[in-house]
Amino acid sequence: MSDSERIDWNTIEQKWIKRWHDARVFETEPDESKKKYFVTVAYPYPNSPQHIGHGRTYTLADAHARYMRMKGFNVLFPMGFHYTGTPILGMSRRVASGDSDLLDTFHKIYKLSDDVISTFVEPVKIASYFHSEIKMGMKEMGYSIDWRREFTTIDPVYSKFISWQFRMLKKKGLIVQGSHPVGWCPRDQNPVSQHDTMGDVEPDFTEYTLVKFHSGDKVYPAATLRPETLFGVTNMWVNPETEYVEASVDSETWVLSRDAARKLEFLNHKVEIKTSVKGSNIVGSKLANPLTGLLVPVYPAAFVKSDSGTGLVMSVPAHAPYDYQALEELRVDERAKAEYSIRDVASPIKIIESEGYSGIPAAEAIAKSGASSQNDPRLEEATNDLYSHEFYKGKMMGNTGKYSGTTVSSAKIEVRQEIVQSGQAATMYELVNKPVKCRCGTECVVKLLSDQWFLNYGDKDWKAQVHECANKMDIVPQDIRQEFDYVIDWLRERACARKTGLGTKLPWDPEWIIESLSDSVIYMAYYTISKYVNSGVLSDSGISDLFFDYILLGIGSADAVSKESGLPVSAVEQIRAEFAYFYPVDSRHSGRDLVPNHLTFFIFNHVAIFGAANWPRQIVVNGSVLMEGKKMSKSLGNIIPLRTAIRENGADTIRLAMLVSAEILQDADFSFDTVRGIRAKLAGIFEMAARCAGNGGDSAPGSEDKWLLSRLQRIIEETTASMDRLRMREAIHYILYSLEQDQQWYLKRANAKGSQGNLATLSKCLEVQLRLLAPFAPFTSEEIWERMGKKDDVTSSGWPAADNEAIDLHAEESEFLVSSLLTDLQSIVKVTKIVPKKIAVYTCAPWKKFVYKAVLAQVLGGKTNFGEIMKILLADPQTVRAKTDPKLVQKMMEDILSSPLDARNRRMKLPEFSEGEALMDASSLLSAENNKAEIVIYSEEDPEKFDPKQKSKFAKPFKPAIYME
RNA sequence: GCGGGAGUCGCCCAGCAUGGUCAAAGGCGUAAGACUGAGGCUCUUAUCCCUUAGGGGUUCGUGGGUUCAAAUCCCACCUCCCGCACCA
């Protein structure tokens with residue numbers, strides 16, 4: 001059993017969770033004497049337990065909150081729960097109907113008992129169950145949340161808050177009404193989304209142009225995606241076997257398939273079916289093309305399906321592979337021609353030219369695809385290829401009237417506009433991935449919802465302000481900023497209410513419920529209010545817009561609010577002051593999937609409602625989590641519940657493993673190898689603490705102590721710089737790996753001198769490490785901190801600051817010299833395979849140092865021209881000796897250019913550095929690392945030196961010469 | 001198509017903003033050694049190629065360019081991933 005397994009992480013965790021709770025350490029009150037910092041993270045939707053993937057965003061936010069707290073800010077980090085929306089409702093229905101997929105998930109993955117599941121027929125029970133499950137997980141993860149401010153989005157006061165928000169937006173003219181299409185279940189009378197369908201398919205539909213061909217006053221509508229090809233229509237297709245109907249549609253008489261008539265009803269047409277007509281009876285008639293007025297014949301075609309479009313298809317053989325193929329097959333089908341007395345089969349009319357197609361494009365596309373019949377699936381491919389090719393590269397030909405010469409992409413829009421406006425065409429929506437079945441088994445359709453309410457994100461002035469806000473905001477990481485700018489420009493009207501689901505009723509039209517991405521955009525403000533709801537000071541009775549106007553905007557007076565609500569004036573003032581203190585949001589964390597929606601809406605709505613002083617300051621976006629390199633999914637069975645992972649590995653381990661595997665925007669790969677490694681590291685820190693607490697093995701501090709303490713300051717500096725940019729992965733590397741590496745070097749040096757290291761130095765290191773680690777591994781840090789006998793907790797010890805006094809360039813240079821000498825020795829041993837018994841090291845002659853310094857000064861000043869530098873050297877008596885060995889100068893330049901910038905600067909600053917002393921101090925290590933060889937150190941100019949192979953003359957500054965035997 | 005991102009030494013993944021110990025961190029894997037009754041634990045060392053003196057050669061998607069110096073800057077190209085809506 002290894003040490004890491006011997007530590008009882010869960011007990012330590014429970015102990016600190018209780019302590020934090022009892023001492024109320026994360027309950028944040030306004031405090032005018034301290035700077036506030038308000039961190040929020042997108043609240044969870046409680047329809048499942050949290051898994052590892054969810055943990056990343058919250059852990060990042062928590063580490064951020066803890067870091068800022070240690071930096072001395074009065075940090076507020078609250079949490080709420082998003083009950084609003086439709087998926088929970090859908091789940092509840094599925095429970096009621098005994099959906100075996102869902103029940104299976106509950107039993108096998110979530111391990112729920114039947115008693116619990118049976119309560120789930122009530123949607124709120126699902127939400128509240130997972131709510132408490134998630135909350136426990138958050139506590140177990142050690143999140144530093146002020147739980148007094150917790151709320152759900154169906155709380156009565158929250159509803160009032162949302163009503164206020166919406167009335168506000170409406171007053172500002174940002175909410176508009178219109179109609180829009182949705183996937184729809186005719187039986188449930190509800191919109192359907194992915195969660196509501198069998199097989200979890202998202203209903204996907206496109207907009208067709210419904211072209212009204214006619215014969216007399218009867219309309220024969222044909223649905224098309226390519227209205228611009230109307231000029232090339234040669235005929236129509238009808239399936240002779242299909243049932244068509246004659247129906248009154250709105251005020252016209254239409255002939256179309258029975259299926260299509262039904263679909264039109266959902267698209268808000270008034271449809272009344274009069275008579276049934278067999279397809280074969282339509283074949284042979286002639287219909288007028290509304291755009292060109294030309295009459296085209298109706299031909300029979302088996303490929304026409306009654307439930308696709310209208311059951312009538314306009315045929316453009318020159319540009320549609322299906323049409324071309326069907327036409328060619330008909331041309332040689334004597335039986336069909338005889339049956340429907342078709343004499344001359346029409347010929348394709350080409351109306352679009354595009355690079356790469358010289359003849360009839362459809363024919364060429366078919367040939368290229370290799371398709372050979374109407375039923376060949378490759379025809380589909382050919383269709384898509386040709387369609388997109390012509391859309392992007394095609395031009396309308398001379399036979400298209402005023403559209404001649406325009407691009408296909410614009411002709412498509414213009415033709416459509418022309419015929420729709422003149423009443424010769426209508427719009428039809430059609431599912432492209434049908435059949436889509438609702439979970440109730442009914443086949444879904446597209447429904448046009450009328451009088452839908454939209455948030456008008458397309459509003460120009462609004463957009464301009466949002467850009468202004470976004471430009472001022474700190475977006476972390478910067479890489480994602482462009483994406484925000486793009487989304488801001490691209491957003492237009494967005495439906496903000498729906499007919500079902502949990503949520504707040506639209507205040508002026510209670511048939512509608514406010515949609516869940518619209519009621520979750522300014523709720524961060526609500527955390528300053530919810531505290532008073534939870535404490536019993538505030539309830540929904542008596543409060544109205546007056547209250548929110550005053551608290552959130554400072555409009556009106558406390559007196560008026562008090563009079564209306566019955567709250568004491570002082571309470572009203574206090575709530576107002578609390579909001580004023582904590583707002584604006586200093587940092588908002590979320591996953592990158594929310595960039596194109598929530599995070600951008602968050603900016604939009606803040607800009608609309610609040611003054612610029614309360615606009616959010618920062619957005620932090622993180623990538624998702626992979627499990628052992630793979631996407632997490634039910635089918636792979638690799639979804640690990642967060643609480644299970646905590647129980648098995650410890651919260652701190654999970655926290656670190658989550659943050660260390662990738663930089664913030666990258667996908668983080670969670671792997672158990674990493675977990676194991678992290679756990680061992682943490683156990684190592686426990687061991688170090690035990691060692692520091694022990695009394696054996698102390699020894700006097702040496703030069704390596706100065707070095708380690710100097711390095712410690714560097715690590716503090718670097719870690720702080722990383723944290724300020726929220727580069728947490730990098731920060732953890734410094735804290736866990738760099739620091740440990742330095743400690744190891746230190747111990748190696750000490751051990752070689754026969755000491756075990758100085759306990760004061762090691763303790764100092766450990767203390768700093770624990771403080772740096774506290775935001776990431778709060779349990780471990782607190783526990784060890786306490787075991788070290790510290791009175792206060794590690795959080796209140798503050799974030800360490802680098803101590804400039806402890807930075808020791810001399811010590812840094814010494815160790816640097818020693819370690820590069822070790823590397824040189826190693827490579828000599830490796831190449832020569834000498835087993836060294838005696839090693840002589842020669843430091844360079846003083847004049848070389850002068851030359852080095854002079855060259856270094858030139859290089860640091862940006863001069864790298866050898867001739868010029870040589871001239872300067874020769875002009876100075878101190879360095880004139882360089883003349884005897886120009887090659888050496890060349891070599892020094894190379895040395896300098898290939899040394900790190902901080903080493904160059906350090907050497908420039910170091911007034912006197914004795915390589916001999918440094919090497920003497922480390923001779924024990926040099927020997928220990930080299931077969932316990934005898935180490936002798938000379939100056940190059942020492943007349944008494946031992947130098948059998950004349951190596952000493954190769955000595956250079958910071959690069960002593962070596963002889964070994 | 002539009003928009004965004006990525007391509008690094010067996011694999012994963014840093015580095016690129018601010019060009020210079022970058023043959024390129026860390027982890028995994030692999031090899032040897034230590035520990036152990038034995039290890040799947042842990043620790044140490046090695047891990048592009050060549051080299052009997054600290055050296056040299058060739059690498060960071062491909063091809064050019066800028067520079068004393070390029071994984072890093074510029075141009076072109078190839079390949080892959082993600083988003084494109086009313087859904088949390």
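Residues numbered from 1 in each chain as written. Chains lettered and ligands numbered in written order. Predicted model: local features only at pLDDT ≥ 70, side-chain atom pairs only at ≥ 80, totals over all residues. Heavy atoms only, no water.

## A short note on the protein's contact with RNA strand B
Then comes step 1: For RNA strand B, the set of nearby residues contains 51 residues, the closest of which are Arg494, Arg498, Asn597, Arg725 and Pro900.
Then comes step 2: Backbone atoms, meaning sugar and phosphate, form 53% of the atoms of RNA strand B found within 4 Å of the protein.
Then comes step 3: Measuring from a sugar or linking oxygen of RNA strand B, one finds a side-chain N or O atom of Glu483 at 2.7 Å.
Then comes step 4: The backbone of Glu493 places a nitrogen or oxygen atom 3.4 Å from a base nitrogen of RNA strand B.
Then comes step 5: When residues of the surface near RNA strand B are traced back to their parent elements, those giving at least two are helix H17 (481-490), strand S19 (493-495), helix H25 (672-693), helix H27 (728-752), helix H30 (809-832) and strand S29 (961-964).
Then comes step 6: At six residues, the largest contribution of residues to the surface near RNA strand B is made by H30.
Then comes step 7: Within the surface near RNA strand B, the residues separate by chemical class into 18 nonpolar, 17 polar and 16 charged. (Near = heavy atom within 4 Å. Polar contact = N/O pair within 3.5 Å; in protein donor to acceptor, adjacent residues only side chain to side chain. Helix = DSSP H or I, 4+ residues; strand = E, 2+ residues; numbered from the N terminus. Nonpolar A, V, L, I, M, F, W, Y, C, P; charged D, E, K, R; others polar.)

## Structural notes on the sheet that holds strand S23 (residues 618-622)
Then comes step 1: Strand order in this open sheet of five strands is S2-S1-S22-S23-S18, and the pairing throughout is parallel. What marks the edges here is a single partner per strand, and that holds for strand S2 (74-76) and strand S18 (474-476). Across the sheet, the axes of successive neighbouring strands diverge by a mean angle of 15°, strand direction being ignored.
Then comes step 2: With three bridges joining them, S18 and S23 adopt parallel strand pairing. (Pairing = 2+ DSSP bridges. Axes fitted to C-alpha atoms, helices over the stretch in contact; angles between N-to-C directions.)

## Some details on helix H4 (residues 87-96)
Then comes step 1: Counting buried positions over the ten residues of H4 gives eight, a clear majority of the element.
Then comes step 2: Residues of H4 that are buried sit in contact with helix H5 (100-109), helix H6 (114-118) and helix H7 (123-140).
Then comes step 3: Looking one or two residues beyond H4, the residue adopting positive phi is Gly98, at roughly 70°. (Buried < 20%, exposed > 50% of the residue type's maximum accessible area, 1.4 Å probe, protein only. Contact = heavy atoms within 4.5 Å.)

## A look at the sheet that holds strand S3 (residues 175-185)
Then comes step 1: Reading across the sheet, the four strands line up as S4-S3-S17-S19 and stay open at both edges, with antiparallel pairing between neighbours. In this open sheet, the two strands that pair with only one neighbour each are strand S4 (190-191) and S19.

## Quick notes on the packing of aromatic side chains
Geometrically, a pair of aromatic rings is defined through the distance of the ring centres and the angle of the planes.
Then comes step 1: Scanning the model with the defined rule gives 50 aromatic pairs in all.
Then comes step 2: Ring geometry for Phe106 and Tyr110: centres 6.0 Å apart, planes at 40°, overall tilted.
Then comes step 3: Given a relative accessible area of 0%, Phe106 falls into the buried group.
Then comes step 4: Since its relative accessible area comes to 22%, Tyr110 is described here as partly exposed.
Then comes step 5: Centre to centre, the rings of Trp237 and Phe303 are 5.8 Å apart; their planes meet at 65°, and the pair counts as edge-to-face. In this pair, Trp237 sits in strand S7 (residues 235-238) while Phe303 sits in the loop between strand S12 (295-300) and strand S13 (312-315), placing the two residues 66 residues apart along the sequence.
Then comes step 6: Members of the aromatic cluster, connected to one another through ring pairs, are Tyr43, Phe151, Tyr158, Phe161, Trp164, Tyr523, Tyr526, Tyr527, Phe547 and Phe548.
Then comes step 7: Sitting over the face of the ring of Trp512, Lys499 holds its NZ or CZ atom 4.5 Å from the ring centroid.
Then comes step 8: Cation over ring: Arg906 sits above Phe816, and NZ or CZ is 5.1 Å from the ring centre. (Phe/Tyr/Trp six-rings, centres within 6.5 Å; stacked < 30°, edge-to-face > 60°. Lys NZ or Arg CZ within 6 Å of the ring centre and 35° of its normal.)

## Remarks on the pairing of strand S6 (residues 218-224)
Then comes step 1: In terms of residue burial, S6 counts as a mostly covered element, since six of its seven residues are buried.
Then comes step 2: One ladder, built from seven bridges, connects strand S5 (residues 205-215) with S6; its direction is antiparallel. Bridge pairing in S6 places Val211 opposite Ala222.
Then comes step 3: The pairing of S6 with strand S9 (residues 252-257) spans two bridges and is parallel.

## Considering unusual backbone geometry
Then comes step 1: Val476 connects to Pro477 through a cis peptide bond whose omega is -5°.
Then comes step 2: Turning to its location among the elements, Pro477 is positioned in the loop between S18 and H17.
Then comes step 3: A positive phi angle, near 55°, is found at Lys111, a position not held by glycine.
Then comes step 4: By secondary structure assignment, the location of Lys111 is in the loop between H5 and H6.
Then comes step 5: Backbone geometry at Leu726 places phi at a positive 55°, although glycine is not the residue there.
Then comes step 6: Topologically, Leu726 is positioned in the loop between helix H26 (703-724) and H27.

## Things to note about the nonpolar core
Then comes step 1: Core analysis: the biggest nonpolar cluster contains 215 residues, and Phe161, Phe547, Leu552, Ile603 and Phe776 have the highest contact counts within it.
Then comes step 2: Here the element with the most residues in this core is H27; it accounts for ten residues.
Then comes step 3: Two domains each put at least three residues into this core: domain 2 (661-809) and domain 3 (818-964).
Then comes step 4: Excluding anything up to four places from it in sequence, Phe547 contacts Ile529, Leu538, Val561, Leu567 and Ile575.
Then comes step 5: One finds Val249, Tyr299, Leu327 and Leu330 within the second-largest nonpolar core, a separate group that totals 63 residues. (Core = buried A, V, L, I, M, F, W, Y, C linked by side-chain atoms within 4.5 Å. Domains from an automatic or database assignment.)

## Here we look at the pattern of salt bridges
Then comes step 1: The tally for this structure, following the rule as stated, stands at 60 salt bridges.
Then comes step 2: Between Glu29 and Arg148 there is a salt bridge, with its nearest N and O atoms 2.6 Å apart. In this pair, Glu29 is assigned in the loop between helix H2 (9-23) and strand S1 (36-41) and Arg148 in the loop between H7 and helix H8 (156-171), connecting sequence segments 119 residues apart.
Then comes step 3: Note on Glu29: relative accessible area 33%, which makes it partly exposed.
Then comes step 4: Classification of Arg148 by relative accessible area gives partly exposed; the value is 22%.
Then comes step 5: Through salt bridges with shared partners, a single network forms among Arg24, Glu27, Glu29, Asp146, Arg148, Arg149, Lys531 and Glu578. (Salt bridge = Lys/Arg side-chain N within 4 Å of Asp/Glu carboxyl O.)

## What about the packing of H2 against helix H29 (residues 778-787)?
Then comes step 1: Viewed as axis vectors pointing N to C, H2 and H29 meet at an angle of 85°, and their least axial separation amounts to 9 Å. Here H2 lies roughly perpendicular to H29, going by the angle between them. Every residue of H29 that contacts H2 at Trp9, Ile12, Glu13, Lys15, Trp16, Ile17, Arg19 and Trp20 is listed here: Pro778, Phe779, Thr780, Glu782, Glu783, Glu786 and Arg787.
Then comes step 2: Grouping the constituent residues of the contact of H2 with H29 by class yields seven nonpolar, one polar and seven charged. (Parallel < 35°, antiparallel > 145°, perpendicular 65-115°, else oblique.)

## Observations regarding the domain arrangement of chain A
Then comes step 1: Its domain assignment divides chain A into domain 1 (205-350 + 411-431), domain 2 (661-809) and domain 3 (818-964).
Then comes step 2: The C-alpha centroid of domain 2 is placed 76 Å from the C-alpha centroid of domain 1.

## What about the side chain of Thr720?
Then comes step 1: With respect to the helices and strands, Thr720 occurs in helix H26.
Then comes step 2: Discounting chain neighbours no more than four positions away, the residues touching Thr720 are Tyr67, Lys71, Trp799 and Pro800.

## Some remarks on the packing of helix H16 (residues 460-472) against H17
Then comes step 1: Between H16 and H17, the least distance of the axes is 10 Å, while the angle of their chain directions is 170°. Between H16 and H17, the interaxial angle falls into the category roughly antiparallel. Within the contact between the two elements, H16 uses Lys463, Val466, His467, Ala470 and Asn471 and H17 uses Arg481, Asp485, Ile488, Asp489 and Trp490.
Then comes step 2: Here the residues of the contact of H16 with H17 sort into four nonpolar, two polar and four charged.

## Focus on the side chain of Glu782
Then comes step 1: In this structure, Glu782 sits in helix H29.
Then comes step 2: Comment: no salt bridge for buried Glu782; closest opposite-charge side chain is Arg66, at 5.5 Å.
Then comes step 3: Look past the residues within four positions of Glu782 in its chain and what remains in contact with it is Trp16, Trp20, Asp793, Val794 and Thr795. (Lys, Arg positive; Asp, Glu negative; His and termini not counted.)

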